Amino acid sequence: MANKKVIVGLSGGVDSSVAAYLLIQQGYDVEAMFMQNWHDTTGTLHGDCPWKDDLTIAKLVAKQLNIPFHFIDLSADYRKKVVDYMFSEYEKGRTPNPDVLCNREIKFDAFLKACEDLGADYVATGHYCRKDSIMVNGVETHRLLAGSDPNKDQSYFLCQLSQKQLSKALFPIGHLLKPEVRDIAKQLNLPTADKKDSQGICFVGKVDLPVFLQQQLKAKKGDIIELPKDYKPTSSVIARRNDEAISSLGEDNANLRLLRFARNDGNGDGLTQLALPYSFSPTNGKVIGQHNGAHFYTVGQRKGLGIGGHIESLFVVGIDVESNLVYVGEGHEHAALNRPALFIKNNETHWIRPNLQMNADDERDYLVRIRYRQPLQKAKLICRTEGIYIVFDEPQRGITPGQFAAWYDGEELVGSGVING
RNA sequence: UGACCUAUGGUGUAAUGGUAGCACAACAGAUUUUGGUUCUGUUUGUCUAGGUUCGAAUCCUGGUAGGUCAA
């Protein structure tokens, strides 16, 4: 029986190098392919062109491991599927996650197809996550599992993959800890052994985001409005709640009491209200400075406002690209920065496990994260025809439209969706 | 234009006449394959001109600027 053929996406980093080595050990027929997705240096810090170094190193690794090496230029796809999406999201005042898209559209789509054209059965990457397969009603079903290194788990970035994509994916280092991967690379004396971990947008590199975005989005001066410390969210059940009434409902958790209250809300739209982003108006606060364009900011952001004189740091609590306003609040605990719930539109939800997909009026408890490396949060998912509401046990700081919420059952990533608000 | 008050880094503030400190911002490094968060570190100041004093941010005088009350 011929060995299964795997093509590794060799990036020039340690993780994919070790992944390639492990696949060889496992007896696969291994080849390597380096993908170039970006060659523009506009807005790049240090202005150099790191991908050339990466390519050289990737070639060295392939040579040392004695595997065939391929090169592919996917920058046209990358620009269309990832960079254009970034710009359009920022333009709408949302904060996109390019790396999630990069995995869905490039590594496990365009790149995968190129590998299949070369006769590959699988594509492998150096992601810190794991995969296994179970039978569900006689159908083989793949599960996406967190990487064993709790510090490096990258399953979040793969939260938009489909069963089909997963069926072709291998993650050879997902069961290892980062130091173990480094050790293997050192023992093999791989040129990547001591290479620093990459950072920044996966192929673009570390950029000065405002500069990068200004290629497409015009700078436009506007007001920064500070909401007072005693700000109370308006136009939501939160404002209308009567604390005594809620506490008498008998739930021991404040957010779940809110949820009970929302459900009993006379207007029948309590849940919607609970998950609604706070809507701010200039009359809620006062102008304390100027910014260069509301779409360059993101909810939860602390740096880059350039306004001092406060006891605690200012955080962006909301942006309004229509009126070009940035709303800020002082301190982590500011009421406007913390919310009990969020909403994901029906057509922006994605289930890695189709058989676990929720239907209208289903409710389920999951562990949720709303950004990379955030500790998993207990939450209740409530499905309605319009989409999924996620009500957290604890209020969440910096719920950011455009980012992905990913829900887990233990270590398995079950589904994800774009945070609508 | 009459009286009174104030003037300290980029911002907000602290210092019985005795080494100008804190917070925020900014910058740098660490962490992080998104945005961003978090941690560590660094830089920057007594409005101006005189005077009193061993010694002035502090006391005195003039100037300048801002504010409050006065029509």
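As the structure is a computational prediction, the values presented were derived from the model and not from experiment. (Residues numbered from 1 in each chain as written. Chains lettered and ligands numbered in written order. Predicted model: local features only at pLDDT ≥ 70, side-chain atom pairs only at ≥ 80, totals over all residues. Heavy atoms only, no water.)

1. Digging into the overall build of chain A
As a reminder, the rule being used: Under the DSSP-based scheme used, a helix requires at least four consecutive residues in state H or I and a strand at least two consecutive residues in state E, with every element numbered from the N terminus. The globule rule is 2.2 Å times the number of residues to the power 0.38, and the radius of gyration it is compared with is taken over C-alpha atoms. A simple rule labels every residue: compare its accessible area, found with a 1.4 Å probe on the protein chains alone, to the largest value its type can have, and call it buried under 20%, exposed over 50%, or partly exposed in between. Residue contacts are defined here by distance: any two heavy atoms, one from each residue, within 4.5 Å place the two residues in contact. In short, Shrake-Rupley with a 1.4 Å probe defines the accessible areas, and a residue's cover is counted only from the protein chains shown.
Within chain A, the secondary structure is distributed over 11 helices and 18 strands. Taken over the C-alpha trace, chain A has a radius of gyration of 23 Å; the compact-globule value for 421 residues is 22 Å, and the two agree within 12%. The principal-axis extent of the C-alpha atoms belonging to chain A is close to 70 × 55 × 35 Å. Here chain A holds 421 residues, and the buried ones make up 53% of them. Counting contacts in chain A only where the partners sit at least 6 residues apart, residues at least 24 apart contribute 69% of the total. Carbon and sulfur atoms provide 48% of the accessible area of chain A, an area that totals close to 19,000 Å².

2. Examining the sheet that holds strand β11 (residues 325-330)
Whenever strands of a sheet pair, they do so through backbone hydrogen bonds, lying parallel or antiparallel. Here is the rule: Think of it this way: DSSP has to see at least two bridges between two strands before they count as a pair. To obtain each axis, a line is fitted to C-alpha atoms, and for helices this fit is confined to the stretch in contact; angles are then taken between N-to-C directions over 0 to 180 degrees.
With mixed pairing, the 4 strands of this open sheet are ordered in space as β9-β8-β11-β10. The open sheet is flanked by β9 (286-291) and β10 (314-320), the only strands paired with a single partner. Going from strand to strand, the sheet's axes swing by 35 degrees on average, the running direction of each strand aside. For β10 and β11, the ladder comprises 6 bridges, and the chain directions are antiparallel. Within β11, the position partnered with isoleucine 319 by the bridge is valine 326.

3. Overview of the protein's contact with RNA strand B
Basically, it comes down to this: One heavy atom within 4 Å of a molecule or strand makes the whole residue count as near it. Identification of polar contacts relies on pairs of N or O atoms within 3.5 Å, with a donor-acceptor requirement for protein atoms, meaning one able to donate a hydrogen and the other able to accept it, and with residues adjacent in sequence counted only if both atoms are side-chain atoms. Side-chain classes are defined by residue name, with Ala, Val, Leu, Ile, Met, Phe, Trp, Tyr, Cys and Pro counting as nonpolar, Asp, Glu, Lys and Arg as charged, and the others, Gly among them, as polar.
Close to RNA strand B lie 41 residues, the nearest being His127, Lys152, Gln199, Gly200 and Tyr372. Counted by atom, the contact set of RNA strand B within 4 Å of the protein is 70% sugar and phosphate. Between a phosphate oxygen of RNA strand B and a side-chain N or O atom of lysine 152, the distance comes to 2.3 Å. Isoleucine 311 is positioned such that a nitrogen or oxygen atom in its backbone is 2.4 Å from a sugar or linking oxygen of RNA strand B. Considered class by class, the residues forming the surface near RNA strand B number 12 nonpolar, 19 polar and 10 charged.

4. Considerations on the environment of lysine 63
Inspection of the secondary structure puts lysine 63 in helix α2 (residues 50-65). Residues lysine 63 and alanine 32 lie 31 residues apart in sequence; the distance between their C-alpha atoms is 10.0 Å.

5. Some points on the pattern of salt bridges
Condition: Note on definitions: salt bridges are taken to be side-chain nitrogens of Lys or Arg within 4 Å of carboxyl oxygens of Asp or Glu.
This model, assessed by the stated rule, comprises 21 salt bridges. Between lysine 178 and aspartate 197 there is a salt bridge whose closest N-O contact spans 2.8 Å. Taken together, the residues span a long stretch of sequence, with lysine 178 in helix α6 (residues 178-187) and aspartate 197 in the loop between α6 and α7 (209-213) at a distance of 19 residues. For lysine 178, a relative accessible area of 9% puts it in the buried group. The partly exposed category is assigned to aspartate 197, whose relative accessible area is 27%. The salt bridge partner of aspartate 197 is arginine 182, with a shortest N-O separation of 2.7 Å.

6. A few points about the packing of aromatic side chains
Under the convention used in this document: Working definition: a ring pair exists when centres of Phe, Tyr or Trp rings (six-membered ring for Trp) sit within 6.5 Å. Plane angles under 30 degrees give stacked, over 60 give edge-to-face, the rest tilted.
In total, this model carries 13 aromatic pairs according to the counting rule given. Where tyrosine 156 meets phenylalanine 157, the ring centres are 5.9 Å apart and the plane angle is 70 degrees; that geometry is what we call edge-to-face. We classify phenylalanine 157 as buried; its relative accessible area is 14%. One aromatic cluster is present, formed by Trp38, Tyr78, Phe87 and Phe212 through successive ring pairs.

7. Points about helix α10 (residues 254-263)
Of all 10 residues in α10, 7 are buried; the element is thus mostly enclosed. For α10, the full list of buried residues reads Asn255, Leu256, Arg257, Leu258, Leu259, Phe261 and Ala262.

8. Re the confidence of the model for chain A
Spelled out, the test is: Each residue carries a pLDDT value, the predictor's own confidence for that position, ranging from 0 to 100.
When pLDDT is averaged across chain A, the result is 89; 92% of the residues are at 70 or more. The complex prediction reports pTM at 0.91, with the ipTM value standing at 0.87.

9. As for the nonpolar core
This is how it is decided: As used here, the term nonpolar core means buried Ala, Val, Leu, Ile, Met, Phe, Trp, Tyr and Cys residues forming a set that is joined through side-chain atoms within 4.5 Å.
Counting residues in each nonpolar core, the largest one holds 56 residues, and the members touching the most others are Tyr78, Phe111 and Phe212. Only β2 (29-36), α3 (75-91), α4 (98-117), α7, β10, β11, β17 (404-409) and β18 (412-418) provide two or more residues apiece to this core. When residues in this core are grouped by element, the largest group, 10 residues, is from α4. By size, the runner-up hydrophobic cluster in this structure holds 30 residues, among which are Val8, Leu10, Leu65 and Ala185.

10. Looking at the layout of surface pockets
What counts here: A cavity here means a set of 1 Å grid points, computed over protein atoms only, where a 1.4 Å probe fits but cannot escape. A pocket is an open set with protein on both sides within 12 Å along at least 5 of 7 lines, and lining residues have an atom within 4 Å of a point. Grid points are joined across faces, edges and corners, and a volume is the space filled by probe spheres set on the points.
Reported here for the second largest pocket is a volume of approximately 1,000 Å³. Residue lining of the second largest pocket: 33 residues in total, with Tyr90, Thr95, Pro96, Thr298 and Gln403 positioned closest to the centre.

11. Side note on the packing of helix α1 (residues 14-25) against α6
Here is the rule: Small angles under 35 degrees read as roughly parallel and large ones over 145 as roughly antiparallel, with 65 to 115 read as roughly perpendicular and the rest as oblique. Handedness of a crossing is defined here by the sense of rotation of the near helix relative to the far one, left-handed for an anticlockwise turn of less than a right angle and right-handed for a clockwise turn.
Where α1 contacts α6, the axes come no closer than 9 Å and their chain directions differ by 70 degrees. Judged by the angle between their axes, α1 and α6 are roughly perpendicular. As α1 packs across α6, the resulting crossing turns out to be left-handed. Listed contacts from α6 to Val14, Asp15, Val18, Tyr21 and Leu22 of α1 are Lys178, Val181, Arg182, Ile184 and Ala185. When grouped by side-chain class, the residues that make up the contact of α1 with α6 number 7 nonpolar, no polar and 3 charged.

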